[in-house]
Amino acid sequence: MATTVAKLIVLSFAISHLIVTVGLTVDPAALLRLGVDGLLSVDPYDVEKASLDFGKLSRAQPPLAVLHPASEEDIARLVKAAYKSAHGLTVSARGHGHSINGQAQASNGVVIEMTGYSGMVPQVSEREQYVDVWGGMLWIDLLKSTLEYGLAPKSWTDYLYLSVGGTISNAGISGQAFHHGPQISNVYELDVITGKGETLRCSEKENQDLFHGVLGGLGQFGIITRARIALEPAPKRVRWIRVLYSSFTAFTGDQEYLISLHGQKFDYVEGFVIVDEGLINNWRSSFFSPRNPVKISSLGSDGGVLYCLEITKNYHESTADTVDQEVEYLLKKLNFIPTSVFSTDLPYVDFLDRVHKAELKLRSKNLWNVPHPWLNLFVPKSRIGDFDKGVFKGILGNNKTSGPILIYPMNKNKWDRRSSAVTPDEDVFYLVAFLRSALDDGEETRILEYLTNQNRQILRFCDDAGIKVKQYLPHYTTRQEWMEHFGDKWELFSQRKMEFDPRFILASGQRIFELSSPIKLHGYE
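This text gives an overview of the structure that appears in the document.

About the criteria used
Residues numbered from 1 in each chain as written. Predicted model: local features only at pLDDT ≥ 70, side-chain atom pairs only at ≥ 80, totals over all residues. Heavy atoms only, no water. Pairing = 2+ DSSP bridges. Helix = DSSP H or I, 4+ residues; strand = E, 2+ residues; numbered from the N terminus. Contact = heavy atoms within 4.5 Å. Axes fitted to C-alpha atoms, helices over the stretch in contact; angles between N-to-C directions. Buried < 20%, exposed > 50% of the residue type's maximum accessible area, 1.4 Å probe, protein only. Phe/Tyr/Trp six-rings, centres within 6.5 Å; stacked < 30°, edge-to-face > 60°. Lys NZ or Arg CZ within 6 Å of the ring centre and 35° of its normal. Patch = residues over 30% accessible without salt bridge, like charges linked within 9 Å, V, L, I, M, F, W, Y side chains within 5 Å. Areas by Shrake-Rupley, 256 points an atom, 1.4 Å probe, with all protein chains shown as cover. Salt bridge = Lys/Arg side-chain N within 4 Å of Asp/Glu carboxyl O. Lys, Arg positive; Asp, Glu negative; His and termini not counted. Charge placed at Lys NZ, Arg CZ, Asp CG, Glu CD. Parallel < 35°, antiparallel > 145°, perpendicular 65-115°, else oblique. Left-handed = near helix turned anticlockwise from the far one by under 90°. Nonpolar A, V, L, I, M, F, W, Y, C, P; charged D, E, K, R; others polar.

### As for the sheet that holds strand 13 (residues 306–315)
- Here we have 8 strands laid out as an open sheet, ordered 14-11-13-12-16-17-15-18, and antiparallel in their pairing. Unpaired on one side and paired on the other, strand 14 (342–347) and strand 18 (470–471) mark the two borders of the sheet.
- With 9 bridges joining them, strand 11 (residues 237–245) and strand 13 adopt antiparallel strand pairing. Looking at the pairing, Arg 237 lines up with Tyr 315 of strand 13.
- With respect to the sheet, helix 9 (residues 248–260) is in contact with strand 11, strand 12 (268–274), strand 13, strand 16 (405–411) and strand 17 (428–434), its orientation differing from that of strand 16 by roughly 40°.
- With respect to the sheet, helix 10 (residues 320–331) is in contact with strand 11 and strand 13, its orientation differing from that of strand 13 by roughly 150°.

Structure, rendered in structure tokens:
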């Protein structure tokens, strides 16, 4: 008892100190009365960590505290206290901290560290092929759990060290999305704590409006504590192939053909753009031998740009004898540079976790914990050629870059219109992802200011050219921009906010409904 009282005294002092020093107007008693079983921390390390994210582009005022929950009830108590508070307390759920623009920050509130709780063990239904999982669990840990039953989720992101709730709050996309849809199209059921502190179960049959709102809802309507994810039998191995193109028209034509197939087809379709001579033998380009480097100039590239198609075929031991014939049959239909086929074979888990291996290499060179001015766009198929000319061959030119530029198409009919996620209004659209890192290595084209300005140029070009792109992992600073982003979904999105989070408690870092004081961006507003 004495220890508990001591903790409360320390917490009260720390919060009161924050109120005095940064001018916040929150009653500390609202936090002290929570009675949570977990840890409500004001440790400087915790609050500093919660004020930053992977992007390292914004630094918010530190939160009042960080909750490390011991149960779903801890989260509900916190949100309910915020809902009843008269002081504008906000709450943000944080997964693995991979937001880019401070979306999981809570300057005037409490950040919930969702990944720290391990009390909910994944429950796999082998017969119905689904898994119930804690919203803060990382996809890599979920994969390890389901593989024990010979099962795996259908849809992925390229990087597995992200939380289930985090990707479901956006969409969750990778090279399987053309076939299975994004991760939000593979969710059967959710447990959600709304902005009123209510814990609700939702699905296609129960609390449908909340269910569809939370999927791709950017955390605005509730905190996902449990998700029921669709599974399928896990393949054992993957044939991973890369081919190169000098013609953008041939490249996109082949990608669009591959995602239109029914029956025999590849299991994964992605691609990337190579505008930098050095990149072709770097980062994800593990296929190319350092002793035999590939040069853009030697492949007749169009405008100094090459395009790489990545495709895979999954298989089991029982189908190992036929995988070569299937791959050969599908490749015969494509129009890549004949001498540019690179192929490898590896376990399914190794393929899914491929980016983590790249991460470890970057960490070893101190190139991981740097600013990441990423820009992710959905580009309508009808304008992807104009985008290529204006951006890949125009704005980017032949500059040295510092990270991959992904490009691959998806089928809109694999996305549920009822979700909150926003895509272009065409049957096929492309993800174009500029996943670059800001480096202080003397190259002007790789510093943060240059890359940030280049992102603005890209968005301005699309606007001037009438290319109706939609941001994925969106970030805007005005209400008008958010309204334009959601388009005809804005009215429903706003209605759902008023129903499930009427006091604007949740995910204030997204800055959609109540813009907070300006966040400092490396010295400028």
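### Quick notes on helix 13 (residues 384–395)
- Within helix 13 the residues assigned to the buried category are Ile 384, Phe 387, Asp 388, Gly 390, Val 391, Phe 392 and Ile 395.
- Note on helix 13: the residue one or two positions beyond its end, Gly 397, has a positive phi of about 55°.

### A look at the sheet that holds strand 3 (residues 90–94)
- Reading across the sheet, the 4 strands line up as 1-2-4-3 and stay open at both edges, with mixed pairing between neighbours. A single partner strand is all that each edge strand has here, and the edge strands are strand 1 (39–41) and strand 3. Between one strand axis and the next, the sheet turns through 25° on average, direction left out of account.
- In the sheet, strand 3 pairs with strand 4 (residues 109–113) via 5 bridges, with the strands oriented parallel. Across the sheet, the residue bridging to Arg 94 is Glu 113, located in strand 4.

### Quick notes on the environment of Val 275
- Secondary-structure assignment places Val 275 in the loop between strand 12 and strand 13.
- With 31 residues separating them along the chain, Val 275 and Leu 306 place their C-alpha atoms 6.7 Å apart.

### Brief notes about the packing of aromatic side chains
- Scanning the entire structure with this criterion turns up 30 aromatic pairs.
- Measuring from ring centre to ring centre gives 5.2 Å for Trp 240 and Phe 351, while their planes differ by 75°; the resulting arrangement is edge-to-face. Here Trp 240, found in strand 11, pairs with Phe 351, found in helix 11 (residues 348–352); they are 111 residues apart in sequence, far enough to count as distant. For the pair shown, Trp 240 and Phe 351 are each scored as buried.
- Seen in terms of ring centroids, Trp 415 and Phe 429 are 5.7 Å apart; in terms of plane orientation they differ by 65°. Their pairing is edge-to-face. With Trp 415 in the loop between strand 16 and strand 17 and Phe 429 in strand 17, the pair connects residues that are 14 residues apart, well separated along the chain. By the burial criterion, Trp 415 is buried, and Phe 429 matches it.
- Three or more aromatic residues link up through ring pairs in this structure, and these residues are Phe 221, Tyr 476, Trp 482, Phe 486, Trp 490, Phe 493, Phe 504 and Phe 513.
- A cation over a ring is seen here: Arg 354 above Phe 351, with NZ or CZ 4.2 Å from the ring centre.

### Quick word on the environment of Gln 183
- Among the secondary structure elements, Gln 183 is positioned in the loop between helix 7 (177–180) and strand 8 (187–194).
- Beyond its immediate chain neighbours, meaning those up to four positions away, Gln 183 contacts Trp 139, Ser 155, Trp 156, Thr 157, Thr 167, Ala 171 and Gly 172.

### Focus: a negative patch on the surface
- A cluster of acidic residues, Asp 463, Asp 464, Glu 481 and Glu 484, forms a negative patch on the protein surface.
- Elements that contribute at least two residues to the negative patch include exactly helix 14 (448–465) and helix 15 (479–486).
- For Glu 484, the location among the structural elements is in helix 15.

### Considering the pattern of salt bridges
- For the structure shown, the criterion picks out 27 salt bridges.
- Among the ionic pairs, Asp 345 bridges to Arg 237, the shortest N-O distance being 2.7 Å. Highlighted residues: Asp 345 in strand 14 and Arg 237 in strand 11, separated in sequence by 108 residues.
- In this structure Asp 345 comes out as partly exposed when scored by relative accessible area, which is 28%.

### A look at the pairing of strand 9 (residues 199–203)
- Inspection of the sheet shows strand 8 paired to strand 9 by 5 bridges, in the antiparallel sense. Bridging across to strand 9, Glu 189 finds its partner in Ser 203.
- Hairpin connection from strand 8 to strand 9: 4 residues lie between these consecutive antiparallel strands, with Gly 197 at a positive phi of about 85°.

### Details of the pairing of strand 13
- For strand 13, the tally of buried residues reaches 9 of 10 residues, placing the bulk of the element in the interior.
- Bridge count for strand 12 against strand 13 is 7 bridges, and the pairing is antiparallel. The residue of strand 13 that forms the bridge with Gly 271 is Leu 309.

### Focus: the packing of helix 13 against helix 14
- In the contact formed by helix 13 and helix 14, the axes pass within 11 Å of each other and the chain directions differ by 155°. Viewed along their axes, helix 13 and helix 14 adopt a mutual orientation that is roughly antiparallel. You can see that helix 13 and helix 14 cross each other, and the crossing is right-handed. Counting all contacts with helix 13, which are made through Asp 386, Phe 387, Gly 390, Val 391 and Ile 395, the residues of helix 14 involved are Gln 454, Gln 457, Ile 458, Phe 461 and Cys 462.
- Here the residues of the contact of helix 13 with helix 14 sort into 6 nonpolar, 3 polar and 1 charged.

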